[in-house]
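The residues making up each chain are set out below.
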Amino acid sequence: MSGPLDYQWEEERYTDGSKWRFLEHKGPVFAPPYEPLPKNVKFYYDGKPMKLSAPAEEVATFFAKMLDHEYTTKDIFRKNFYKDWRKEMTSEEKSKISDLNKCDFTEMSDYFKAQSEARKQMTKEEKQKIREENERTLQEYGFCVMDNHKERIGNFRIEPPGLFRGRGDHPKMGMLKRRIRPEDIIINCSKDSKHPKPPPGTKWKEVRHDNKVTWLVSWTENIQGSIKYIMLNPSSRIKGEKDWQKYETARRLKKCVDRIRTQYRDDWKSKEMRIRQRAVALYFIDKLALRAGNEKEEGETADTVGCCSLRVEHIKLYPEIDGQEFVVEFDFLGKDSIRYYNKIPVEKRVFKNLQLFLENKQPEDDLFDRLNTSILNKHLQELMDGLTAKVFRTYNASITLQQQLKELTTPEENIPAKILSYNRANRAVAILCNHQRAPPKTFEKSMQNLQTKIDAKKDQLSDARRELKSAKADAKMRKDEKTKKAVDTKKKAVQRIEEQLMKLEVQATDREENKQIALGTSKLNYLDPRISVAWCKKWDVSIEKIYNKTQREKFAWAIDMADEDFEF
DNA sequence: AATCGTACTTAGAAGCCATTAA
DNA sequence: TTAATGGCTTCTAAGTACGATT
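- Under an unreviewed UniProt entry, the name given to chain A is DNA topoisomerase I, and the organism recorded is Conger conger.
- According to its UniProt record, chain A has this under Subcellular location (unreviewed entry): "Nucleus".
- Of chain A, the UniProt comment under Sequence similarities (unreviewed entry) reads exactly: "Belongs to the type IB topoisomerase family."

Below you can see the structure in the form of structure tokens.
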């Protein structure tokens, strides 16, 4: 068996669609069983203490643990929780408890806070013991053997029970996410492997041997009824090759994107409405890096959209505004209920088409009523083998990084400035892809702290300069070796402090510009890592400055193969 | 052509932990 | 030594895509 460095990176390993020949693993790690509360920690109903049955108590603790969170103040959350909680109650509890507002979970909540405080206060030895235990679990369950390699598993722990927290305005927030038992679990491994054993006295739902898929374990979750999987870590061969393939597809798009653009511009003039809609949608996907926008079941999830599912209410048309013609204003919630807001001028033909699409429609009607993702992707497939809507996002993200790096990097800047340039290029992509984050709660304070540091450094610098000056004067007078040396030392000190100051200032700029932007998602999922590897080699920046350990493991394939001439 | 089921990628937030400042 | 900070890891929700079925 060999380590990750001896992968033979190949794009197409098997030609029959199978993903592996041999797969052996230990199965999942289950959530620890529920530990009842100590007797002195009470739940109160209508001001009176009330002992709950274990199942009702467990669900109550889920709520208690979230008491400080805004979620628990939301009506839908409370309603969903209460409904599911009642299902766990005994009939006696059901008749006693009739109003969530009369339930007092604060003692439970305080207990958990005290516990987490106690965990922080543990001695070094106790913490070490826990760490070792975790390490043992990782060694036993965290790896599998796929074909000839020992591979790290991504998520080998089963999700513990709790209250469902959706993103945004989710109609199911607060529902009980039930505990997963061995009887819910499907195991996937090869026939000739040592099969994982279910915990004593239990059985798996099923053991199968399907080598057309990459997952090791699956179960069906009870909120949406969707399937959850245990799969390999991004560092694994199977994920790495897939990732590589993704970027190769995007590079193929690069070769034919001009042709495709010409074609969709032409299609804006089509006689057929469906073709015009397809062409305008594709233009948005290409120009604005919008997601495809699959249909979603209404009422089952938060109301979010992508390109194909945009509704009339999500855009506004301005024939003229702020001195610009044909402006479209987008305002909608995308994936994870992140707001997409953009006001951009478009070509006249696009504008006229949009006006046409809006005719006789209500705000809640689909903008592209003759289009969906499957129609669009079928069309794209005809334009290029393997082309789908999301390839445009990958392509535009990667090509933007490459262009920005070329534009922003200058030979004379030092390493911190180079890193700033890199981050700025990365940021351009994050903005394109609308990767946002909530500004960190401590943002203002941490900026202030940094500014304090900068001010202190500036004082230090002027002191050092003054000292240098007097040392020079001294040397001029005395002209001996000792004072000359002193000048040299002072000079170096000034230089060092200047460098430190510069570094701090760069850091401040970087952080300020990054306030609401998340760089991680594009770095991890959209930017061909070979562009970054090549940039590092070209400018003699060590790869550790750009990628941390986990990222280097994920991008091992790219670090292996890209040289400084790599072009996306 | 609509619907469903499945498998996989992409996503931001929370939690954890090492480092640094006080 | 302790507390604050920030980076990294973990978690799991929420997307995309596609083949099968009706």
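### With respect to the environment of R178
In step 1: Following the sequence through the fold, R178 ends up in the loop between β8 (176-177) and β9 (186-188).
In step 2: The exposure class of R178 is partly exposed, given its relative accessible area of 29%.

### Observations regarding the UniProt feature "domain: DNA topoisomerase I eukaryotic-type" (unreviewed entry) in chain A
In step 1: The UniProt entry lists residues 163-540 under the feature "domain: DNA topoisomerase I eukaryotic-type" (unreviewed entry), expressed in the numbering used here.
In step 2: Annotated as 51% helix and 11% strand, the span residues 163-540 places its first and last C-alpha atoms 49 Å apart.

### Comments concerning the protein's contact with DNA strand C
In step 1: Close contacts around DNA strand C come from 30 residues, with R167, K228, G293, K390 and T550 the closest.
In step 2: Taken together, the sugar and phosphate atoms account for 88% of what DNA strand C places within 4 Å of the protein.
In step 3: A distance of 2.4 Å is found between a phosphate oxygen of DNA strand C and a side-chain nitrogen or oxygen belonging to K228.
In step 4: At a separation of 2.8 Å, a phosphate oxygen of DNA strand C approaches a polar side-chain atom of T304.
In step 5: Of all the secondary-structure elements, those providing two or more residues to the surface near DNA strand C are α10 (389-408) and α12 (443-478).
In step 6: The greatest single-element share of the surface near DNA strand C, amounting to three residues, is contributed by α12.
In step 7: Of the residues assigned to the surface near DNA strand C, the class counts are four nonpolar, 13 polar and 13 charged.

### Considering the protein's contact with DNA strand B
In step 1: Near DNA strand B, the surroundings consist of 28 residues, among which K239, K246, K335, T521 and Y526 are the closest.
In step 2: A share of 84% is what sugar and phosphate atoms reach among the atoms of DNA strand B within 4 Å of the protein.
In step 3: The contact in question runs from a base oxygen of DNA strand B to an N or O atom on the side chain of K335, over 2.6 Å.
In step 4: Within the side chain of T521, an N or O atom sits 2.8 Å from a phosphate oxygen of DNA strand B.

### Re unusual backbone geometry
Trans is the common state for peptide bonds, and a negative phi is the common state for residues other than glycine.
In step 1: The residue F326 is not glycine, and still its phi comes out positive at about 55 degrees.
In step 2: For F326, the location among the structural elements is in strand β14 (residues 324-333).
In step 3: Using a relative accessible area of 14% as the deciding quantity, one classes F326 as buried.
In step 4: For S337, which is not a glycine, the phi torsion comes out positive at approximately 60 degrees.
In step 5: Counting through the fold element by element, S337 comes out in the loop between β14 and β15 (339-345).
In step 6: Residue S337 is classed as buried on the basis of its relative accessible area of 17%.

### Quick notes on the sheet that holds strand β5 (residues 143-146)
In step 1: Spatial strand order, β1-β5-β6: three strands in an open sheet with antiparallel pairing. Either end of the sheet is taken by a strand with one partner, and the two such strands are β1 (23-24) and β6 (149-152).
In step 2: Looking at chain direction, β5 and β6 are connected through four bridges and run antiparallel. In the sheet register, C144 faces β6, and the bridge partner there is E151.

Conventions adopted
Per chain, residues are indexed from 1 in the order of the written sequence. Both sets of labels track the order of writing: A upward for chains, 1 upward for ligands. Totals for whole chains, interfaces and linings use every residue, but because this is a predicted model, local features are given only for residues with pLDDT of at least 70 and side-chain atom pairs only at 80 or more, for both listing and counting. The basis for every side-chain value is the complete set of non-hydrogen atoms in the structure, without hydrogens or water. UniProt positions are given in the numbering used here, feature names are shortened, and annotations may be inferred rather than shown by experiment. The helix and strand labels rest on DSSP assignments: H or I over at least four residues marks a helix, E over at least two residues marks a strand, and numbering proceeds from the N terminus. Only protein chains enter the accessibility calculation, which uses a 1.4 Å probe; a residue is then buried when its area is under 20% of its type maximum, exposed when over 50%, and partly exposed in between. For this description, a residue counts as near a given molecule or strand if any of its non-hydrogen atoms is within 4 Å of it. Pairs of N or O atoms within 3.5 Å make up the polar contacts considered here, provided that, within protein, one atom can donate a hydrogen while the other can accept it, and that residues adjacent in sequence are counted only when both atoms are side-chain atoms. Classes in brief: Ala, Val, Leu, Ile, Met, Phe, Trp, Tyr, Cys and Pro nonpolar; Asp, Glu, Lys and Arg charged; the others, Gly included, polar. Two strands pair under a simple rule: DSSP has to find at least two bridges between them.

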